[in-house]
Amino acid sequence: MTYCVGMVLDKGLVMMSDTRTNSGVDNISVFRKMHHWSVPGERQITIMTAGNLATTQAVISQLEERNKAPSDRRPSILEAPTMFQVATQVGTLLRNVIEGRQDGGMQSEGPRFTASMIVAGQIRDMEPRLFMIYPEGNFIEASFDTPFFQIGETKYGRPILLRGYDRTMSFEDAVKLLMVSFDSTVAANLSVGLPFDLLVMERDRFEPLHQRRILASDPYFKSISSSWSEALRQAFHSLPDYSFGEGEG
């Protein structure tokens, strides 16, 4: 399983992903699910992936090949004129990879080879944009009503984002919010785990403002995890007590 979040702020975009893949409790591996490309002064693009690993790696590998020699392997996301066109290219490629596996008889159990992706980035003289790509190749774009996207194991971390998100918040507060969301997901689902990959993309800055891998030993994440657990316990005990017999009838 996977957990990835892409978030739109007034200041730019923030992305975070886990790295765990597993085929049972005794077969756990670490694979990067966040991939980033940049052209200094012109654009930066990030893609996060969830779903069948062979499918997502095939898509990323083909994008990498096109980017290495765009004149020979068009279309390339590094030449697309808009982020909408980038999302269209990624969606088309994802659909083609999935359909190719189905047509080749590689899929016999329904959705085994499906995948979804989050595409984020900015091209010079345009707005930062965030898209969620579905296995069918179609996509939706983030808006004021839907300012963040999640893929993978979304349900445990979503309440945190809904209650804490503010479009005007600082990058630092956005990272803190994502840390809590990921901590809640890890605590509830063993198929999501550290290390996490974090990337902050500031508006009109065509290289990452902040990028790092967060390990299980990371002191800040450990502090967030323990502090959040203690804050929840204190909040619970501060709630009004329930009394049997009162308010009946």
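Residues numbered from 1 in each chain as written. Predicted model: local features only at pLDDT ≥ 70, side-chain atom pairs only at ≥ 80, totals over all residues. Heavy atoms only, no water.

Colleague: Looking at this structure, I do not really get the layout of surface pockets. What am I missing?
Modeller: Rolled over the atoms, a probe as big as a water molecule pinpoints where empty space is left. Its boundaries defined by the atoms lining it, the second largest pocket holds a volume of some 200 Å³. Lining of the second largest pocket is provided by 14 residues; of these, Val8, Glu127, Pro128, Ala142 and Arg167 occupy positions nearest its centre. If you list the elements that add at least two residues to the lining of the second largest pocket, you get strand S1 (3–9) and strand S8 (129–133). Taken together, the residues of the lining of the second largest pocket break down into six nonpolar, two polar and six charged. (1 Å grid on protein atoms, 1.4 Å probe; cavity = no way out; pocket = protein on both sides within 12 Å on 5 of 7 lines; lining within 4 Å. Points joined across faces, edges and corners; volume = space filled by probe spheres on them. Helix = DSSP H or I, 4+ residues; strand = E, 2+ residues; numbered from the N terminus. Nonpolar A, V, L, I, M, F, W, Y, C, P; charged D, E, K, R; others polar.)

Colleague: Honestly, the environment of Leu194 in this entry has me stumped. Any pointers?
Modeller: Tracing the chain through its elements places Leu194 in the loop between helix H4 (171–188) and strand S11 (196–202). Overall, the relative accessible area of 18% leaves Leu194 in the buried class. Sequence separation between Leu194 and Leu215 is 21 residues; the distance between their C-alpha atoms is 6.1 Å. Residue contacts for Leu194: discarding those within four places in its chain leaves Thr19, Ile214, Leu215, Ala216 and Phe221. (Buried < 20%, exposed > 50% of the residue type's maximum accessible area, 1.4 Å probe, protein only. Contact = heavy atoms within 4.5 Å.)

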